[in-house]
Amino acid sequence: MSFHAGTIGLVGRPNAGKSTLLNKLVGAKISAVSRRPQTTRNRVAGVYTTEDMQAVLWDTPGLHDAWTALNNHMVREAEQVLEEVDAVCLLIDAEPLARAAKADKPIIDTTLQTILDKVKGKKLVIALNKVDLVEKGWLLPVLGGLAESGAAIVPISASEGEGLETLVAEWRKVLPEQPALYPPDHLTDALERQICAELIRERIFENCEQEVPYSSAVEIEQFDESARETENVVRIHARIIVEKPSQKAILIGKGGSMVKKIGTEARKQLSELLDCKVRLDLFVVVEKDWTANPRARRGLGYA
Ligand SMILES: Nc1nc2c(ncn2[C@@H]2O[C@H](COP(=O)(O)OP(=O)(O)OP(=O)(O)O)[C@@H](O)[C@H]2O)c(=O)[nH]1
Ligand SMILES: [Mg+2]
């Protein structure tokens, strides 16, 4: 049996489920997932290996109309990945498409067409995601509408793990025949401390309202593994950076309740990731308008 391997960019609109799919296939939480759009800000790599293929998956920020410097960085990041990969997997949320079908509107609207134009010339597989949320009867017209793109289309549910075998089989078809790029047990290139920062940021996205998640960044100041072997514990100091004192107040919450909740939830996830106990200290600091400041953005890895 021939072996196929290469890089695949997971792209799509914000909230389509790209990070969920990456985590599901890798079998570990390496990329932040939240109910809010624009959760992912930088590319994250995960490796998925079977007997006859290996896909190096690049999770990317959602493609959207950027209106701030930080958003610009996110879209550029996704577009750069598009240029570098062997093939593209475009994730599309099935729900709005099913609504379009019900309303007798075109399945490929202008936004989707813009994204399809961006990936033109690339080997393409479309993953129609969140089919668990769509009445089966509306799936057919949606698939019919998407067929105009000319790409292979696979209905999936990233969160439920449905359709993933078929998706992976389609990926294999578009990847070049070559040996694996990584050892089969290799899961990610991301550093543990980077993933930790992402998972703390994810908890802010899930717990805080309005602009707070979009004005927050997380920086790991200390990642102390000196007692990892002996006492099975890692000590982590992280700074949550916000843009305004009012956001700091929201993040800290009444009597510290919000930062405590974020800390408790994050600690649980970090402990799973690192497979040991985690002592987590969170500090909230204001760095005035950091999202608009190129140097501050660079310092936080968003440039
Ligand atoms: N019901 C259902 N929900 C899903 C599925 N896949 C993802 N979700 C949910 O959709 C939301 C967005 O998922 P993400 O994985 O963060 O989406 P993303 O495409 O990475 O989003 P950005 O990083 O913001 O571009 C989360 O609440 C997920 O739990 C699915 O197959 N079914
Ligand atoms: Mg994401």
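Check the entry above for the structure.
The structure displayed is predicted, hence computed values, not measured ones. (Residues numbered from 1 in each chain as written. Chains lettered and ligands numbered in written order. Predicted model: local features only at pLDDT ≥ 70, side-chain atom pairs only at ≥ 80, totals over all residues. Heavy atoms only, no water.)

Chemist: Hey, could you run me through the packing of helix α1 (residues 18-26) against helix α6 (residues 164-174) in this one?
Modeler: When two helices pack together, their arrangement is captured by the angle between the axes and the distance separating the axes. Here α1 crosses α6 at 95 degrees, and the two axes come no closer than 12 Å. The angle between α1 and α6 places the two elements in the roughly perpendicular class. Between α1, through Leu21, Lys24 and Leu25, and α6, the contact on the second element is made entirely by Leu164, Leu167, Val168 and Trp171. Residues of the contact of α1 with α6, tallied by class, amount to 6 nonpolar, no polar and 1 charged. (Axes fitted to C-alpha atoms, helices over the stretch in contact; angles between N-to-C directions. Helix = DSSP H or I, 4+ residues; strand = E, 2+ residues; numbered from the N terminus. Parallel < 35°, antiparallel > 145°, perpendicular 65-115°, else oblique. Contact = heavy atoms within 4.5 Å. Nonpolar A, V, L, I, M, F, W, Y, C, P; charged D, E, K, R; others polar.)

Chemist: Sorry if this is basic, but what is going on with helix α2 (residues 69-84) here?
Modeler: Compared with the 22 Å implied by 1.5 Å per residue over 16 residues, the 23 Å span of α2 between its first and last C-alpha is a close match. The set of residues buried in α2 consists of Leu70, Asn71, His73, Met74, Val75, Glu77, Ala78, Val81 and Leu82. On its buried side, α2 packs onto β1 (4-12), β3 (53-59), β4 (87-93), α4 (110-118) and α11 (294-299). (Expected span 1.5 Å × (residues − 1). Buried < 20%, exposed > 50% of the residue type's maximum accessible area, 1.4 Å probe, protein only.)

Chemist: Help me understand the pairing of β3, please; the structure alone is not making it clear to me.
Modeler: One face of the sheet, then the other: side chains in a regular strand alternate in exactly this way. Counting buried residues in β3 gives 6 out of 7 residues, a clear majority hidden from the surface. For β1 and β3, the ladder comprises 7 bridges, and the chain directions are parallel. Residue Thr7 lies in a different strand from β3, and its bridge partner there is Val56. In the sheet, strand β2 (residues 44-49) pairs with β3 via 6 bridges, with the strands oriented antiparallel. Considered in β3, the bridge of Gly46 is made with Leu57. The antiparallel pairing of β2 with β3 creates a hairpin that spans 3 residues between the two strands. (Pairing = 2+ DSSP bridges.)

Chemist: Help me out: how do you make sense of the nonpolar core in this one?
Modeler: A general feature of soluble globular proteins is that nonpolar side chains tend to end up buried together. One finds Leu21, Trp171 and Ile236 to be the most contacted residues of the largest nonpolar core, which totals 54 residues. Structurally, this core is a two-domain feature, drawing no fewer than three residues from each of domain 1 (4-174) and domain 2 (192-299). With residues near it in sequence (within four places) discarded, Trp171 still touches Ile8, Leu10, Leu21, Leu25, Met53, Ala55, Leu57, Cys89 and Val125. (Core = buried A, V, L, I, M, F, W, Y, C linked by side-chain atoms within 4.5 Å. Domains from an automatic or database assignment.)

Chemist: Where do I start with the layout of surface pockets in this structure?
Modeler: Empty space among the atoms becomes apparent when a probe as large as a water molecule is rolled across them. Within this model, the largest pocket holds a volume of roughly 540 Å³. Taken together, 24 residues line the largest pocket, and the ones lying closest to its centre are Asn42, Gln194, Ala197, Glu198 and Leu300. Residue assignment for the lining of the largest pocket shows that the elements contributing at least two residues are β2, α2, α7 (192-207) and β7 (217-224). No other element matches the 6 residues that α7 contributes to the lining of the largest pocket. Within the lining of the largest pocket, the residues separate by chemical class into 12 nonpolar, 5 polar and 7 charged. For the second largest pocket, the calculated volume is near 330 Å³. Among the elements that line the lining of the second largest pocket, the one with the most residues is β4, at 4 residues. Of the residues assigned to the lining of the second largest pocket, the class counts are 12 nonpolar, 3 polar and 4 charged. (1 Å grid on protein atoms, 1.4 Å probe; cavity = no way out; pocket = protein on both sides within 12 Å on 5 of 7 lines; lining within 4 Å. Points joined across faces, edges and corners; volume = space filled by probe spheres on them.)

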